[in-house]
Structures are given as C-alpha cells and as structure tokens.
Amino acid sequence: MRKNKLKATVVAATLALTMTFSLANGVNAKAEEMTKDALAVAEDTNVGNEIGDIQYQEPVEISELEATSADDLFKLSDSVVVNENAVEDMVVAQADTTVVAGSVSDYLSAEGEAKLYNINLPAGVYLQAQLTTPANSALDYDLYLLDADGNILTGSDYYTYVNGTSGTLPEAMGYVTSGDTATYYLYVLASVGGSVSEAFTLDYSVSTACDSYESDESVREALAFTYGIGGAYIESRNLSSPIDNDWYKITVPSQRIYDKLKITAITSSVNTCSVEVYQNVAPNGYQMRRVSSGNVIPVSTGTYYIRVSNAKTVENFDDMDIQNYKLSITPILKATDIVITDLNGSEGMNKAVNYPGFGAHFRTKGSGTLTVYGVLTAKDSSTGITYAVQGQQINGLYYSPAWENNNTSANATRRGTGTTDSSGKFTINISLPPGIGVNSYYASASTHYFDVCGVSVSLSEDSNISDSQTIFHLAYTMYHPI
C-alpha cells in the first residue's frame, strides 16, 4: 500500500513537469527540449532545510508526594474478638540484619473463618504483611492488623479479580509501631467462600528502616504522582523488604497529545524492581484489574495505579543491598508530522541538481546506500507547541518506477527502518539497486542517464504520518567531445 502511495506521488510530480515524456513508457527527454546546457545547484530542493522550533521532553524530578485521601471504610468495620486459644505465634527473633522475614501457609475452609497470628514488636519498627490468596474468583480473603484489644489498625481488603495466571492482587499492609513493646495480631479472614484444598500464604517482615513515604502497601494508600508532557521521575524511595509494595496514583487527563505511557523502575541494587499497572473496576472499594506489567502501556482518560515491588523471591532478597530505585513516567507522544530533513548518497549529503524540465532534486548514483534523515514531531493544538517524539519506529522506502516497469520488483522497492531518538530524529539506511537510466539529459560535454524515483518515510504504527521526496537516481554518464 505504501509503494502505491509513493508511486502516485512520483508520477504526479512528474506529470506536473513541462517535459514531453512519460515515466510509464520511459521515453527519454530530448536534449533540444532542455532550456539549460549545464546542471545547476538546486535552490528549491526540499532537503537540507532547517525545521522549526521543537521542544524536547524534559522529565521533572518529583521531590514531594502527597497521600491520597481514602475516605472509604474497610469491609470489616468492627473490632475483632480475639480468641487466645486460636492464636498462632509468630516469633521475630533478634538478628544482625535489617530485615527479618517469615512465611506461613494455611487453609480457610468456610466463609467467615479466620486465622489469627500473634506478633510482639518494639516501637519504631516497620511491620509488613502480604497475603497471597488462591486464584479462584469464588474466594475472597482479606488481611487486617489488630491491636491487643482487637481494634483494626490497618488492613487490605480488595475484592477478588483474577488477573489470568497471576491470580488476584495480593493483600498487603504496613504499619510503623510506636509506644512500648506491644502485641499485634495479623488477621486473615475468608470474607467470601472457603477451600480445604487451596491454601493461602502469608508473608511478613519486620525492618528497622524504611523510606519516609511509608506506609503505602495497598492501593488505598497510593501516593499521587503528577507528570507533564515531559514526564516525571522520583528516585528517593527504596524497597525496604522482600514484600515491600510502593503504590502510586496517576490521572490521565482528557486533553492530551499521547495515548501511551512509558513506566519504568530501575535500581542499582541486586534486588530488582517490578512494575505493574492497575485500574480499579469496583464501584465501591477496590477491585484491581491489571492492565499491564510491561514498560509501555496504552492509556485513556482516567485513573491508574502503579505498583512497584520486589522482583525476586523472599529467599533471594538481599537486605544488605537496599538502594533507591528510580521510577519514571514518560508520555509517548502521538506524532502529527514527519519530515525528511536530509539525504545522503554516493555523491554526498544533500547533493542536488536541476535537470531542466524535471526540477531540482537530490541525486545519487549507482548502487550503494541511501541514508535518509528526518524528524518526527507532535503538535499540541491547545498550546501550539511542537514536541519531538522519541522511541518510535520509522519505515523508509525507496521506489523506482523504472525497475517496476522492467518487471523487477526486487529492485523496484527497497526498505529500511530507524528509531527516533530523544530529539525526535531518525536515520534510515536503504541499500539501493543500480539505476537503469530511462531518462537522459544532454549537456555540452556529457549525457546523463537517470531515473526519476522517490523516497518515503512513515510512522510504523500509523502510515498516514508520512513524507516523501522525488529523487534522481543517476545510472551512468557518457562523455562526448565538446
């Protein structure tokens, strides 16, 4: 389809000339029809020109995050009567390391059944717990932290949403202790259903250090993350335990020039990060549907939640190498325009000639490599500002009607690809066939045999964003006496 579009461009440009020749039948232009005896450096070629003012995406560092207000109540609103006979102890021993972690696994056989786990902690430590529940849409288990009197201190109670093989989002909570050494209870409740064959797993950790934004273990505690056209990043946070979850909330506005976001979290620590993006599909409370676990996600107007967590298992977490991570959010701008800025071939950069009657165009000769340079941009209609678009694949195409009329499709079209850099610029190399020379120009000392061809570039994901140029492909030159 692109070949036909470019062919139409080349033919249309040729038909606009005043010469009595046809690309279709390859009739040579007669020397006596030329108005000049020599080639002139072209002044009206479309390559080698400066482009207008372009703004680049410059991410802003975020130094402050605001906690979102969660006015909603837990599913479980009353205190819990603690049955000491049913409590299981979790022993946290003193250790030289900064993090002590453990895990238990058990079953909840019926709806309303619960498990209680006792843990004694001093003041000033960070307790985290994460409940991995069975990947069963008929089950809904919740996690709460109680004080010694059974009052709810914090909790996590998502409604079940099975995200494929990943199952439902783990319930997670965190709490910084204060006051004297005290007894706390981790309370696992089967709020819907139960199973004697599908177990839950409760991981917990106690650490002596965490970053200043904790706790944000569950989506109800997500921190507001704002960004502009240039994007934003934060690198003042860390994952302080193997089950640490950091949640962020972003809002995608209705007026924007992007439909995708690039979201990454990287760290120099051996404890690598994973990034997941969710949307809440519940009218009340939280039912989290995962929309992506990759770097680039499509977005529409609305609210998204980003979860940054440890990518390694609890056993492989190294608490001696806790380092900050860098979370970056960058809009992938929707391109509105693409321009070929320069061409380079066997005769050099932007070599342009004026064959009278054919106009002024870039020329290359023989086989070899044609290098196409250009820039991809996006214009914000509300502000009038033009931005460079980075990270997009660009397709390049060379088209020769002469070779197509010769029934040699392998030489009629040649292709290449490139990717835009941070300034929106791209470079594409195309391996050219030799020219045929269906057109000729008779000069005083030589005759040039050339083909009128075309080169086109287009955005890989939207071929309507394109630009093309007519070029001369010189096949050979025959010299004759003056």
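Residues numbered from 1 in each chain as written. Predicted model: local features only at pLDDT ≥ 70, side-chain atom pairs only at ≥ 80, totals over all residues. Heavy atoms only, no water.

(A) Structural context of the sheet that holds strand β2 (residues 60-61). Across the sheet, 5 strands lie side by side as β2-β14-β21-β16-β19; this open sheet has mixed pairing. Edge positions in the sheet fall to β2 and β19 (296-298), since each of these pairs with one other strand and no more. (Pairing = 2+ DSSP bridges. Helix = DSSP H or I, 4+ residues; strand = E, 2+ residues; numbered from the N terminus.)

(B) Inspection of empty space enclosed by the protein at higher detail. The tally for this structure, following the rule as stated, stands at 1 cavity of 30 Å³ or more. As a volume, the largest cavity reaches approximately 50 Å³. (1 Å grid on protein atoms, 1.4 Å probe; cavity = no way out; pocket = protein on both sides within 12 Å on 5 of 7 lines; lining within 4 Å. Points joined across faces, edges and corners; volume = space filled by probe spheres on them.)

(C) Broad picture of the sheet that holds strand β6 (residues 114-121). Here 5 strands make up an open sheet; going across it, the order is β4-β6-β11-β8-β9 and the pairing mixed. Each end of this open sheet is capped by a strand with a single partner; those strands are β4 (87-90) and β9 (152-156). With direction set aside, neighbouring strand axes in the sheet form an average angle of 25°. When β6 meets strand β11 (residues 182-192), the two strands line up antiparallel, connected through 8 bridges. Bridge pairing in β11 links Asn120 to Thr183. (Axes fitted to C-alpha atoms, helices over the stretch in contact; angles between N-to-C directions.)

(D) The pattern of salt bridges, seen in detail. A complete count under the given rule lists 14 salt bridges for this structure. Note that Lys334 and Asp259 form a salt bridge whose closest N and O atoms lie 3.3 Å from each other. Placement of the pair is Lys334 in the loop between β21 (324-333) and β22 (337-345) and Asp259 in strand β16 (residues 258-267), with a sequence separation of 75 residues. Owing to a relative accessible area of 46%, Lys334 belongs among the partly exposed residues under this scheme. A residue is classified by how much of its surface remains accessible, and Asp259, at 32% relative accessible area, is partly exposed. Connected through shared salt-bridge partners, Asp211, Glu214, Asp216, Arg237 and Asp246 make up one network. (Salt bridge = Lys/Arg side-chain N within 4 Å of Asp/Glu carboxyl O. Buried < 20%, exposed > 50% of the residue type's maximum accessible area, 1.4 Å probe, protein only.)

(E) Representation of the packing of aromatic side chains. With the rule as written, the count across this model stands at 13 aromatic pairs. Measuring from centroid to centroid gives 6.4 Å for Tyr141 and Phe200, while their planes differ by 90°, and the two rings are edge-to-face. With Tyr141 in strand β8 (residues 140-146) and Phe200 in strand β12 (residues 195-207), this pair connects stretches of sequence that are 59 residues apart. Looking at Phe200, the relative accessible area reads 0%, which means it is buried. Every member of this aromatic cluster is reached through a ring pair, and the members are Tyr355, Phe358, Tyr441, Phe450 and Phe472. Seen from the ring of Tyr159, Lys75 lies directly overhead, with NZ or CZ sitting 4.0 Å from the centre. Just above the ring of Tyr258 sits the side chain of Arg256; from NZ or CZ to the centre is 5.9 Å. (Phe/Tyr/Trp six-rings, centres within 6.5 Å; stacked < 30°, edge-to-face > 60°. Lys NZ or Arg CZ within 6 Å of the ring centre and 35° of its normal.)

(F) Seen up close, the environment of Gln255. Turning to its location among the elements, Gln255 is positioned in the loop between β15 (245-252) and β16. Residue Gln255 is classed as exposed on the basis of its relative accessible area of 69%.

(G) Spotlight on unusual backbone geometry. Backbone torsion omega between Glu214 and Ser215 reads 5°, so that peptide bond is classified as cis. Inspection of the secondary structure puts Ser215 in the loop between β12 and β13 (223-224). Positive phi values are uncommon outside glycine, yet Asn350 reaches one of about 55°. Checked against the element boundaries, Asn350 lands in the loop between β23 (348-349) and β24 (352-355). Its identity as a non-glycine residue notwithstanding, Asn407 has a phi of 60°, on the positive side.

(H) Molecular detail of the confidence of the model for the protein. In the predicted model, the protein carries a mean pLDDT of 87, and the fraction of residues at 70 or more is 88%. Confidence over residues 1-43 falls short of pLDDT 50; this stretch has 89 contacts with residues more than four positions distant or in other chains. (pLDDT = per-residue confidence, 0-100. Contact = heavy atoms within 4.5 Å.)

(I) A look at the side chain of Asp106. Within the secondary structure, Asp106 sits in strand β5 (residues 99-108). When its relative accessible area of 18% is taken as the criterion, Asp106 is described as buried. When residues no more than four places from it in sequence are discounted, the contact partners of Asp106 are Glu88, Lys115, Tyr117, Ala199 and Phe200.

(J) Examining the pairing of β15 more closely. Of all 8 residues that make up β15, 6 are buried, and the element is covered over most of its length. Here 2 bridges tie β13 to β15, and the two strands are oriented parallel to one another. Opposite Leu223, over in β15, you have Tyr248 as the bridge partner. Note: β15 against strand β20 (residues 302-310), 8 bridges, orientation antiparallel. In the sheet register, Asn245 faces β20, and the bridge partner there is Ser309.

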